[in-house]
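Residue strings, one per chain:
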There are 2 protein chains.
Amino acid sequence: MQSALDLDRRDRLAGFRKRFAIHDDRILYLDGNSLGRLPLKTVELVESLIHREWGERLIRSWNERWLDLPGRIAAKIASIIGAEKDEVFVGDSTSFNLYKLAFGALRYHSGRSKIVTDSLNFPSDLYILEGLIRNHFPDRTLETVGSDDDIHVDEQDIEDRLDANTALVALSLVTFKSSFMYDMARISQKARESGTLVLWDLSHAAGAVPVHLKDTHADLAVGCTYKYLNGGPGAPAFLYVRKELQEKLLNPVWGWFGHAKPFDFSPVYAPQSSIEKYRVGTPAVLSLAAVEPGLDMILEAGIDNIREKSLAQSRFLLDLIREYLVPEGFTIGTPEADNHRGSHVSVRHPEGYRINRAMIEPGDGSRQIIPDFRPPDNIRLGVAPLYTSFSDLFEAVARMKQITGEKLYESYGTEKLRVT
Amino acid sequence: MQSALDLDRRDRLAGFRKRFAIHDDRILYLDGNSLGRLPLKTVELVESLIHREWGERLIRSWNERWLDLPGRIAAKIASIIGAEKDEVFVGDSTSFNLYKLAFGALRYHSGRSKIVTDSLNFPSDLYILEGLIRNHFPDRTLETVGSDDDIHVDEQDIEDRLDANTALVALSLVTFKSSFMYDMARISQKARESGTLVLWDLSHAAGAVPVHLKDTHADLAVGCTYKYLNGGPGAPAFLYVRKELQEKLLNPVWGWFGHAKPFDFSPVYAPQSSIEKYRVGTPAVLSLAAVEPGLDMILEAGIDNIREKSLAQSRFLLDLIREYLVPEGFTIGTPEADNHRGSHVSVRHPEGYRINRAMIEPGDGSRQIIPDFRPPDNIRLGVAPLYTSFSDLFEAVARMKQITGEKLYESYGTEKLRVT
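What you are looking at is a predicted structure, and each value in this text was computed from that prediction instead of being measured.

Asker: Can you walk me through the packing of aromatic side chains in this structure?
Answerer: The description of an aromatic ring pair uses the distance of the two centres, along with the angle that the planes make with each other. Under the criterion given, the structure shown has 30 aromatic pairs over all chains. Consider the rings of Trp62 of chain A and Trp66 of chain A, whose centres lie 5.3 Å apart with planes at 90°: the pair is edge-to-face. Owing to a relative accessible area of 9%, Trp62 of chain A belongs among the buried residues under this scheme. Between the aromatic rings of Phe20 of chain B and Tyr387 of chain B, the centroid separation amounts to 4.9 Å while the plane-to-plane angle is 70°, which identifies the pairing as edge-to-face. Note that Phe20 of chain B is positioned in the loop between α1 (2–10) and β1 (27–29) and Tyr387 of chain B in the loop between β13 (378–382) and α13 (390–405), a separation of 367 residues in sequence. Accessibility expressed as a relative area gives 3% for Tyr387 of chain B, which makes it buried. Connected via pairs of aromatic rings, a cluster forms that spans Tyr99, Phe103 and Phe137 of chain A together with Tyr99, Phe103 and Phe137 of chain B. Between Arg37 of chain A and the ring centre of Tyr387 of chain A, over which it is positioned, the NZ or CZ distance is 5.8 Å.

Shown next as structure tokens:
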């Protein structure tokens, strides 16, 4: 524990923790990879939005504030993921954005029959791809590399499938279960050589690891803002399209906010040729506006500093797991090489589900610890460097050792919560 | 003015006005048909959502509150629009929902080549339909009845086009410019006879006029929640699919929230057969939750009472317009028959744009009046019975008479605001 306290004392990002709503220390939150914490600035912003912008200024706020929101927020996301501001759109959900982009990619490469993905990708992304094939492109096939129980993907396996017949390769840069992280430059390079369009889901990467879309010549990307970006529950997603592709790719959903002149109310559609063509309906202003303070903090802290702390924390955590949890029957479910690991650490245990419940619902007065659980046996410990301390990680491991060592989990049932 | 005050005194819904955030009487707001006012309950609800649900309960709120939100809110919308609770989905934007439904309709009627609409429909709806034809169904054609300068649609013109070759008829129940309202039962009946699927856009109707989707055997509907439902800027939209059609129609966008078991994270898609199949991504919780208090007020007031007051107010307004504004060069841009009029009243004037600006930005210390303007000459006066008073309407007309009579509009420019 002394070592954890020392590390916290030397942590240059420690000051950010105070800028989140952390009301009490009864909760030890390790699920920032699923829903980020509430920035204090967001509280102020939402209050002003409700009282002043909606309540008082009413419809005038569209001109005064809201029409500029998507562009301003997109520019901040762009700078976090290594893109230009005219390459990012913010709005809608990750799934819908993936639909728009993957549809455009498949239509563009009409002569190529393959889509490549991996089994560690989000199921939600696989569903969209399956749906595109079944409902729009029945002559295409989806090749899924690996098994969903894997920790690593062999990048060579992906590369070997990128050829002149591959339309699209769609991958999560950081995979949601194991935290495996791709070498983005390597995959993008191989995709470029074969003319395959590459699409990255950045949901588990944005705000946690440096992403260089432009420098690696990535074609397409999507991602959510409610994990490491701290944008709030179900906050709008983003998408990225490399500048040169924006005129070439079709967005099949012709929405009025993607019209070149939406407020002329012309009956004839004239799409934007820029990234704005991906706008569809009226933006969900409350949810969208709440995204901005979280982005500002990431930009202020600097993504490289965040990554440095994240790696120090996940190394520290892996060391603790090896020392205290492996002897209790846990296995490490996350790559141990820094360059292939995102910002959460997965540990696996046959009793993972009940251990997770014992952490969340302690019966013995000890502190409530909130990680999350992904079937069948995977406890994810989310490291969110802006508010996670080294002491948090030490305490979580000590508690997990106690829960397994004393078999405290045995008093918990196996009936499923809806989200765990 | 005496008559307006008398009418206000006898108004049984007058008490609802106090339940909206109306901070001062410097603003006379007549744009509830574009962005509804802020219910006071919404202020409380959003505060609790931010502080307690996001800030304190964090990820646990998905189980405790958020997973149930869409179903509960959809059920309330259903009861406002005359549908069953398992026939309505709430989420995404109106345009995206229209895309999902119209795609399903065109795929279903693969042997029919025509889509029928009218030129008074929202341009945004026309864009989605155009896009569907261009990008997915190139052998279909869109027949658009009437001209976008019309006040009325001749319903016979629509009926005459519904035949065995018509896949879909898509109309706004209340049209956004002129406030023309269709006889829903008549169109639905004729659509049924020809086997045409009928789709209603209820954006300008929900919460303002009684809608009987079930009783008129309507097939499909979409609509927004930020106008008469007072859901907040860009609040999530809804869609309706008649129960018997839910298994037959395809939603082409296979999202994980539409999966039969989303939290099993299975790699294989298994869509819901119910209305839930229209769910795509994670709901935008902040924007969605804020919709509920507005719905509760509509339900409490009763849609028939709201309609009764709305008609009394629009009749009163039309009388004032005839008496005071027609002599100043205004024409009435709204049907005068009650059964063909929604809840706003349009007046037209060649100087409409500058008159609208003079109302919004008074230079002479008089009260700011906020209607809205739709090109080329259309000032819309929104009657929102829960907070609009008869005195408001009298004052607005008196001011419009002054602005035209004294040519006050001449000191305003014609440069366009982005949204007016």
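What follows continues from the structure just given.
Asker: Before we go on, may I ask you to explain the relation of the copies chain A and chain B in this structure?
Answerer: For the pair of chain copies, the relating transformation is a rotation about an axis with a translation along it. The two copies are related by a screw operation: chain A maps onto chain B through 180° of rotation and 0.0 Å of translation along the axis, at an RMSD of 0.0 Å. Taken together, the rotation angle and the small translation identify this as a two-fold axis. Taking the C-alpha atom as reference, chain A places Ser287 of chain A closest to the rotation axis, 2.7 Å from it. Interface overlap between copies is the fraction of interface residues in one copy that are interface residues in the other; for chain A against chain B it reaches 100%, indicating a shared surface.

Asker: In this structure, what is going on with the pattern of salt bridges? I would like to understand it.
Answerer: Two side chains with opposite charge may pair up if their charged atoms get near one another. Scanning all chains against the criterion turns up 70 salt bridges over all chains. When the shortest N-O distance is used, the salt bridge between Asp392 of chain A and Arg17 of chain A registers 3.2 Å. A residue pair is termed long-range when its members are at least 10 positions apart, and Asp392 of chain A in helix α13 (residues 390–405) and Arg17 of chain A in the loop between α1 (2–10) and β1 (27–29) qualify at 375 residues. With relative accessibility at 7%, the residue Asp392 of chain A sits in the buried group. Linking Asp372 of chain B and Arg374 of chain B is a salt bridge whose minimum nitrogen-to-oxygen distance equals 3.8 Å. For the residue pair Asp372 of chain B and Arg374 of chain B, the accessibility class agrees, reading buried in each case. Residues joined by salt bridges that share partners form a network here, namely Arg72, Lys76, Glu292 and Asp296 of chain A.

Each value, and the rule that gives it
Residues numbered from 1 in each chain as written. Chains lettered and ligands numbered in written order. Predicted model: local features only at pLDDT ≥ 70, side-chain atom pairs only at ≥ 80, totals over all residues. Heavy atoms only, no water. Phe/Tyr/Trp six-rings, centres within 6.5 Å; stacked < 30°, edge-to-face > 60°. Buried < 20%, exposed > 50% of the residue type's maximum accessible area, 1.4 Å probe, protein only. Helix = DSSP H or I, 4+ residues; strand = E, 2+ residues; numbered from the N terminus. Lys NZ or Arg CZ within 6 Å of the ring centre and 35° of its normal. Least-squares fit on C-alpha atoms with pLDDT ≥ 70 in both. Contact = heavy atoms within 4.5 Å. Salt bridge = Lys/Arg side-chain N within 4 Å of Asp/Glu carboxyl O.

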